[in-house]
Amino acid sequence: MNICSLNLLLFFLFSFLPLSRYKMGDDDDAGWLSVSPETGVIKVRNLMDRESVYVKDGKYRAIILAVDDDATSPATGTGTLIIELENVNDNAPIINERNIKICNRGSAPVLLSITDKDGPPFGAPFSVEAQGETSKNWSTSMNDTSTGVFLQLKSTLEQGDYNVVLRVYDQHRLYKDSSIQATVCDCTGDEFRCTDKELAGMTLSGVLGILGAILALLLLVLLLLLFLRRKSSTKKEPLLPEDDVRDDIYYYDEEGGGEDDQDFDSSVLHCGLDNRPEVFRNDVAPTFLSAPQYRPRPTNPEEIGTFIDD
């Protein structure tokens, strides 16, 4: 809208008020306008958007107030300012969906919807191009009305989350990149089963890492036990060397023959004893000897001491 004609309108509107002062009313919801208190000149202080929620049917309304300088009861004049905003191509189209799920085998294409705040002729039909790494693994195709795009996998991907970047153009080639978080499931068709490789909310790589740490700890404990066992079985040094000869130790290097040494004829010994009557046999008590006499046991401490001395 022409600001000069707007100022003329305000001049004729408030010219009957002597020494008026101007100010914005409470209806400037978007805060796009400002007015000079002395001259009433209106300026646009923020970028005005036709697609804003404050614009109805392409028109923005604001209230301008003019107050005179009467000290007792100042008079106020009210004017409604209507600004009609022309439609320009100042908004690029975007994809509405931000998160999708898809199977990595035999999954049907996912339809993504596109929105452009600009009205005709700056909206549909749209076109979409995959960007960067997305173009290697994903393919796109427009629907019949070119207001949506089908997203599909080119090849089988491992289960996980992928960032899909799509560039969306309107019919005047104004574009904007949209990022979609795609969760790829290890499944077939449209039956999403993304939890079979997760444990308690943890990914497969996290579970494998924990199991690997546990196995490494068990192996370390096993090696420590083997080391301690080997150390304890080491031959200890003897208290005395084997070649240490003492005066009261003699080594004859003779060993018994075992059970063979017990195989002998005892009658031979008896025959020898019978030939020598002066030698007493241990299996016949001699009749000519009196019974042995033993010293009586001491009964008091003094006798015990004498007995020990003897």
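In the block above lies the structure referred to throughout.
None of these values were measured; they are calculated from a predicted model.

What counts, and where the lines are drawn
- Residues numbered from 1 in each chain as written.
- Predicted model: local features only at pLDDT ≥ 70, side-chain atom pairs only at ≥ 80, totals over all residues.
- Heavy atoms only, no water.
- Disulfide = S-S within 2.5 Å.
- Helix = DSSP H or I, 4+ residues; strand = E, 2+ residues; numbered from the N terminus.
- Buried < 20%, exposed > 50% of the residue type's maximum accessible area, 1.4 Å probe, protein only.
- Polar contact = N/O pair within 3.5 Å; in protein donor to acceptor, adjacent residues only side chain to side chain.
- Contact = heavy atoms within 4.5 Å.
- Pairing = 2+ DSSP bridges.
- Axes fitted to C-alpha atoms, helices over the stretch in contact; angles between N-to-C directions.
- Core = buried A, V, L, I, M, F, W, Y, C linked by side-chain atoms within 4.5 Å.

**Here's the deal with the state of the cysteines**
Step number 1: Within this structure, the stated rule accounts for one disulfide.
Step number 2: Disulfide partner of Cys-103: Cys-187, at an S-S distance of 2.0 Å. Its S-S torsion of about -95° marks the bond between Cys-103 and Cys-187 as left-handed, since a negative value means left-handed. Of the two residues, Cys-103 is situated in strand β7 (residues 99-105) and Cys-187 in strand β13 (residues 175-188); the sequence distance between them amounts to 84 residues.

**Thoughts on the side chain of Asn-91**
Step number 1: As for its placement among the helices and strands, Asn-91 is situated in the loop between β5 (76-84) and β6 (94-95).
Step number 2: For Asn-91, a relative accessible area of 14% translates into the label buried.
Step number 3: Separated by 2.8 Å, the side chains of Asn-91 and Glu-51 make a polar contact.
Step number 4: Side-chain polar atoms of Asn-91 contact the side chain of Asp-90, separated by 2.8 Å.
Step number 5: Among residues more than four places away in sequence, those in contact with Asn-91 are Asp-49, Glu-51, Asp-116, Lys-117, Asp-118, Asp-170 and Leu-174.

**Side note on the sheet that holds β5**
Step number 1: The three strands lie next to each other as β1-β4-β5, forming an open sheet whose pairing is antiparallel. Single-partner strands in this sheet number two, and they are β1 (21-24) and β5. Sheet twist, expressed as the average angle between the axes of neighbouring strands with direction ignored, equals 25°.
Step number 2: Where strand β4 (residues 59-67) meets β5, nine bridges bridge the pair, whose relative direction is antiparallel. Bridged to Ala-62 within β5 is Leu-81.

**Focus: the nonpolar core**
Step number 1: Counting 19 residues, the largest nonpolar core has Ile-95, Leu-112, Trp-138 and Leu-166 as its most contacted members.
Step number 2: Taken together, the elements giving at least two residues each to this core come down to β7, β8 (110-115), β11 (148-153), β12 (160-169) and β13.
Step number 3: If we skip the residues at most four places from it in the chain, Leu-112 touches Ile-95, Glu-97, Ile-100, Gly-148, Val-149, Leu-151, Leu-166 and Ile-180.
Step number 4: Counting residues in hydrophobic clusters, the runner-up holds 15 residues, among them Ala-62, Ile-64, Ala-66 and Leu-81.

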